[in-house]
Amino acid sequence: MTNLYEHIQKSSIVWMREQGKDIKVKDWIIPAWEEDRQDWDAVILGVPLSRSSISASAASEFPKAFRSAWELFTTYYFDEHVDFRGLKVADIGDARMHYTDILQCHKNIEAAMDSIQHHFPNSFYTSIGGDHSITAPIVRSLKHKNPDKSIGIVQLDTHLDLRDLSQGPTNGTPIRQLVEDNIVKGENIYNIGLHGFYNAPSLIEAAQKHKINIISLKQLRKQGIPALIQVVMEQLQKKVDFVYLTVDMDVLDISYAPGVPASTPGGMRTDELFDLLFELGKYPSITAMDFVCIDPHRDNKVLSTVKATTYAVLTALVSRYIHIKTN
Ligand SMILES: [Mn+2]
């Protein structure tokens, strides 16, 4: 396992980076192959798979849309008055996909994550989907690398993603797969954001059977974001060795994120999502995260969903920079 680019291909969008006092995110994130180093604070992997989506999705196009959006953001985060360019972040490229075979795609994603963990053992892993099916092979790879360690999951989502596997692995099954394969225990999964009419009784029963913790959007608003995240992370840190954060952008309300295949009314607001990610970014026990189910072809003309996701990724990273890197 010496060649990082066996299961990964270099990004097709590579920015001309400029230096100076005022730089953009495009000037800050460095293609991994341009600097030979292992000690990246964070590495970003694109995972362009959406054939596994239950509803038609071009989420496979999001890694490109994400990289394109980098010129719209500066490295200065006004809310905390901090320039986070000191965080060393690399774009690794995209996991190589088979044209049609979903199971082969998942094998490739797992192999890509194996390889990334081998080459960058201490980095924070950020995967950019793709649909939610990608979470299962990513977390499987983390488990294989750490067979004796227990993993927790914080899942921001409008759905439980506990559908059975009768139709094969899809964006509706990753949590079911991880629980049934004993990669993650149900009691170590915290699903945050459920609301409304989008989870069938059999799925709620499956969550109860596996003792998955469900925190509804209403409950989150009642308790408040900082207090709730503190409770969740304190509980998790007593039970597990490290935590994976998975963000299905369909957790957002349809008016904020029209560009997700399963967008719904009654969802989370962008400011709530950003606050959640800022709070979660304080915890070094979270060692990897993904953002999934953003379909740029479905987004509106002003790219609300692409921009919101980019903002969300940056918020998680800048919080890490403030709370972990500079401490
Ligand atoms: Mn999901």
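Residues numbered from 1 in each chain as written. Predicted model: local features only at pLDDT ≥ 70, side-chain atom pairs only at ≥ 80, totals over all residues. Heavy atoms only, no water.

Per an unreviewed UniProt entry, the protein chain is named Agmatinase family protein, and its organism is Bacillus mesophilum.

Attention now goes to the coordination of the manganese ion. The manganese ion binds to the protein through His 132 (ND1), Asp 157 (OD), Asp 161 (OD) and Asp 248 (OD), with metal-donor distances spanning 2.1 to 2.2 Å. Coordination of the manganese ion draws on donor residues from a single chain, spaced H-x24-D-x3-D-x86-D in sequence. In this pair, Asp 161 is assigned in the loop between strand 8 (151-156) and helix 5 (174-180) and Asp 248 in strand 11 (residues 242-248), connecting sequence segments 87 residues apart. Here Asp 161 matches Asp 248 in class, with each residue buried. (Donors = N, O, S within 2.8 Å, 3.2 Å for Na, K, Ca; no water. Helix = DSSP H or I, 4+ residues; strand = E, 2+ residues; numbered from the N terminus. Buried < 20%, exposed > 50% of the residue type's maximum accessible area, 1.4 Å probe, protein only.)

In contact at an axis separation of 8 Å, helix 3 (residues 102-119) and helix 4 (residues 135-145) are set at 45° when each is read in the N-to-C sense. Between helix 3 and helix 4, the angle falls in the class oblique. As helix 3 runs across helix 4, the sense of the crossing is right-handed. Across the interface between the two elements, His 106, Ile 109, Glu 110, Met 113, Asp 114, Gln 117 and His 118 of helix 3 pack against Pro 137, Ile 138, Arg 140, Ser 141, Leu 142, His 144 and Lys 145 of helix 4. The class makeup of the residues in the contact of helix 3 with helix 4 is five nonpolar, five polar and four charged. (Axes fitted to C-alpha atoms, helices over the stretch in contact; angles between N-to-C directions. Parallel < 35°, antiparallel > 145°, perpendicular 65-115°, else oblique. Left-handed = near helix turned anticlockwise from the far one by under 90°. Contact = heavy atoms within 4.5 Å. Nonpolar A, V, L, I, M, F, W, Y, C, P; charged D, E, K, R; others polar.)

On to the pattern of salt bridges, then. The tally for this structure, following the rule as stated, stands at 16 salt bridges. Of the charged contacts in the structure, one is a salt bridge between Asp 27 and Lys 26, with a shortest N-O distance of 2.6 Å. When the shortest N-O distance is used, the salt bridge between Arg 37 and Glu 35 registers 3.0 Å. Look at Arg 37 and you get partly exposed, because its relative accessible area is 27%. Within the structure, one salt-bridge network assembled from shared partners comprises Arg 221, Arg 269, Asp 271 and Glu 272. (Salt bridge = Lys/Arg side-chain N within 4 Å of Asp/Glu carboxyl O.)

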